[in-house]
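Now for the letters of each chain:
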Amino acid sequence: MILHSRSSKFFKMAVSNLQANRPPPIQLNSTTISFHKTSSINATITTLLAGEQILINDFYSDGLLLVKSLQDYLTKKHSTNSFQHQREYRAEYRALSNLILLEIQSHKLIVKKAPQIGWLKKLYPDETKFYLSFSQIQGLNSAWQWYINGISIPGIRNKIHPYYGVYFPTRFEHIQLFDHWLKYYTGTKKFAIDIGIGCGVLSLLLIKHGFQKSFGTDINPNAIIGLAESMGDTKLSRMIDIEMGHLFCNYDKKIELIVFNPPWIPIPKGEIVENLDEAIYYNEKLFSEFFIEAESRLLPDAKIAILFSNIAQITNSTDQHPIEQELLTGGRYKLVNCFKKDS
Ligand SMILES: C[S@@+](CC[C@H](N)C(=O)[O-])C[C@H]1O[C@@H](n2cnc3c(N)ncnc32)[C@H](O)[C@@H]1O
């Protein structure tokens, strides 16, 4: 499905058919016990350890108290700093904190003194009464703060307002580097492709530096929904086309520039990563598919700009460097420049 921004009627229809990623509503067991500030913490943690749900239905701060008590309990239990213990801590915390629930009615938390979280209406328009875990609510709350307050990115005039579940940069060296590189870019500036567009940061820089058009894809529907919302019917929406899907989607014309800020950590072999974040983790086929597909779409003298974090190599969590690997064995591309941060 290609979302043509020029034809806003079709564009809006196609976007409204996308299903946003969101924490799925949780079923409440009929036997669920409530927790409030006078309840016994030890007895409540024992209930959680038995795999039973706990409902927070008085004050929001009761949930904060229980989560803090659970963290203290697990810190004592997994007391060493070994990698194994930290992993066990995280896994147990995730499992137990997911049992602490809050009720949502008419898009609002029913507990007193709770934060107002607009995602409860935007992401659950048809759910009138449901439950989410306290930690999911905390995640939605901080995502809402980022969304309403926005984030300033060096080189980009307006703040970006990241939609729920969409990657946004929290460090900016690579953005500044790309901005600088574009300043001295000498090719024609008709059209570029931005693979994994996220909040649109790289496309905004392309447009700022005179590209007439950018086509951004993303496998995450929230990225497309968020960009469609933030661009609305503005001039920008006629310069940045977007489509949800894998790598180049159905785009098959030749292009002069491809930009890609890919995920940077390989999915650990033989491990199941829960709620895998595809902005961060890549599967073993992603880069080989990208390089094969890119080759068939490049005009003569066209370029690919990849912004790759080598943190996974520096921290020895992998010895793979998919771009160096491609240059070494692929026989498809010639390295023009490689800019690295001074260490
Ligand atoms: C590191 S983020 C970069 C986002 C944005 N380009 C930026 O620079 O801020 C990687 C993005 O690639 C997207 N992505 C991951 N795998 C993809 C795939 N196979 N096809 C298209 N997009 C993908 C993720 O959803 C995420 O938005």
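All residue numbers here refer to positions counted from 1 along the written sequence of the relevant chain. Local features are withheld for residues below a pLDDT of 70 in this predicted model, meaning they are given only at 70 or higher, and side-chain atom pairs are given and counted only at 80 or more; totals for whole chains, interfaces and linings count all residues.

Secondary structure elements are taken from DSSP: a helix is a run of H or I of four residues or more, a strand is a run of E of two residues or more, and numbering for both begins at the N terminus. Tallying secondary structure elements over the protein gives 13 helices and twelve strands in all. In terms of principal-axis extent, the alpha carbons of the protein reach across some 70 × 50 × 30 Å.

Attention shifts here to the site of the ligand. Only the C-beta atom matters for this test: placed from the backbone, it must lie within 6 Å of a molecule or strand for the residue to be near it. Within the structure, the ligand sits among 22 residues, and Gly196, Gly198, Asn220, Asn261 and Ala279 are positioned closest to it. Within the residue set of the shell around the ligand, elements represented by two or more residues are α8 (201-208) and β7 (213-218). Of the residues contributing to the shell around the ligand, the split by class is 14 nonpolar, six polar and two charged. All residues other than Ala, Val, Leu, Ile, Met, Phe, Trp, Tyr, Cys, Pro, Asp, Glu, Lys and Arg, Gly among them, are scored as polar; the first ten of these are nonpolar and the last four charged.

Boundary definitions for the domains trace back to an automatic or database domain assignment. Taken domain by domain, the protein consists of domain 1 (8-15 + 165-329) and domain 2 (33-147). For domain 1 and domain 2, the distance between their C-alpha centroids amounts to 34 Å.

Between the N-to-C directions of two axes lies an angle of 0 to 180 degrees, each axis being a line fitted to C-alpha atoms and, for a helix, fitted only over the stretch in contact. For the pair helix α3 (residues 60-77) and helix α4 (residues 83-97), the least separation of the axes is 11 Å and the interaxial angle reads 150°. Relative to α4, the element α3 is oriented roughly antiparallel. Relative to α4, α3 is oriented so that their crossing is right-handed. From α3, Val67, Leu70, Gln71 and Leu74 reach across to α4, where they touch Tyr89, Glu92, Tyr93, Leu96 and Ser97. Angle categories are assigned with fixed cut-offs, so that under 35 degrees is roughly parallel, over 145 is roughly antiparallel, 65 to 115 is roughly perpendicular, and the rest are oblique. We call a crossing left-handed when the near helix sits turned anticlockwise from the far one by less than a right angle, and right-handed when that turn is clockwise. Whether two residues are in contact is decided by their C-beta atoms, placed from the backbone, lying within 7 Å.

Before going further, it helps to examine the nonpolar core. Burial of nonpolar side chains together is a common tendency in soluble globular proteins. Note on terminology: a nonpolar core is any set of buried Ala, Val, Leu, Ile, Met, Phe, Trp, Tyr and Cys residues joined through C-beta atoms within 7 Å. Counts of 20 or more other C-beta atoms within 10 Å of a residue's own C-beta define buried residues, counts of 12 or fewer define exposed ones, and intermediate counts define partly exposed ones; C-beta atoms are placed from the backbone. Counting 66 residues, the largest nonpolar core has Ile54, Ile56, Leu102 and Val201 as the members making the most contacts within it. Not counting chain neighbours up to four residues away, the residues in contact with Val201 comprise Ile153, Ile156, Ile160, Pro169 and Ile175.

For the rest of this paragraph, the subject is the environment of Asp301. Relative to the helices and strands, Asp301 is located in strand β12 (residues 298-306). Residue Asp301 is classed as exposed on the basis of its C-beta count, with 8 C-beta atoms lying within 10 Å. Sequence-wise, Asp301 and Glu256 are 45 residues apart; in three dimensions their C-alpha atoms are separated by 7.4 Å.

This brings us to α8. In terms of burial, α8 is largely enclosed, as six of its eight residues are buried. Those residues of α8 that fall on the buried side of the exposure criterion are Val201, Leu202, Ser203, Leu204, Leu205 and Leu206. Against the buried residues of α8 lie α7 (173-183), β6 (191-195), β7, β8 (240-244) and β9 (255-260). Remark: Gly210 follows α8 within two positions and exhibits a positive phi of approximately 100°.

Even without being a glycine, Ser106 presents a positive backbone phi close to 45°. Following the sequence through the fold, Ser106 ends up in the loop between β3 (100-105) and β4 (108-109). Positioned with a positive phi, His107 is a non-glycine residue whose angle comes to about 70°. Within the secondary structure, His107 sits in the loop between β3 and β4. Classification of His107 as partly exposed rests on a count of 17 C-beta atoms within 10 Å.

Closest axis-to-axis distance for the α7/α8 pair is 10 Å, and the angle between their directions is 25°. Considering the angle they form, α7 stands roughly parallel to α8. Our pair here, α7 against α8, has a crossing hand that is right-handed. Contacts between α7 and α8 pair Ile175, Phe178, Asp179 and Leu182 from the former with Val201, Leu202, Leu205 and Leu206 from the latter.

Paired strands, in this sense, are two strands between which DSSP finds at least two bridges. Across the sheet, which stays open at both edges, the five strands sit in the order β8-β7-β6-β9-β12 with parallel pairing between neighbours. Of all the strands in the sheet, just β8 and β12 have a single pairing partner and so form its edges. In this sheet, neighbouring strand axes are inclined to one another by 20° on average, regardless of whether the strands run parallel or antiparallel. Strand direction decides the pairing type here: β6 and β7, joined by five bridges, are parallel. Pairing of Ile195 across the sheet is with Thr217, part of β7. Its contacts with the sheet put helix α9 (residues 221-231) on β7 and β8, and the angle it makes with β8 is roughly 150°.

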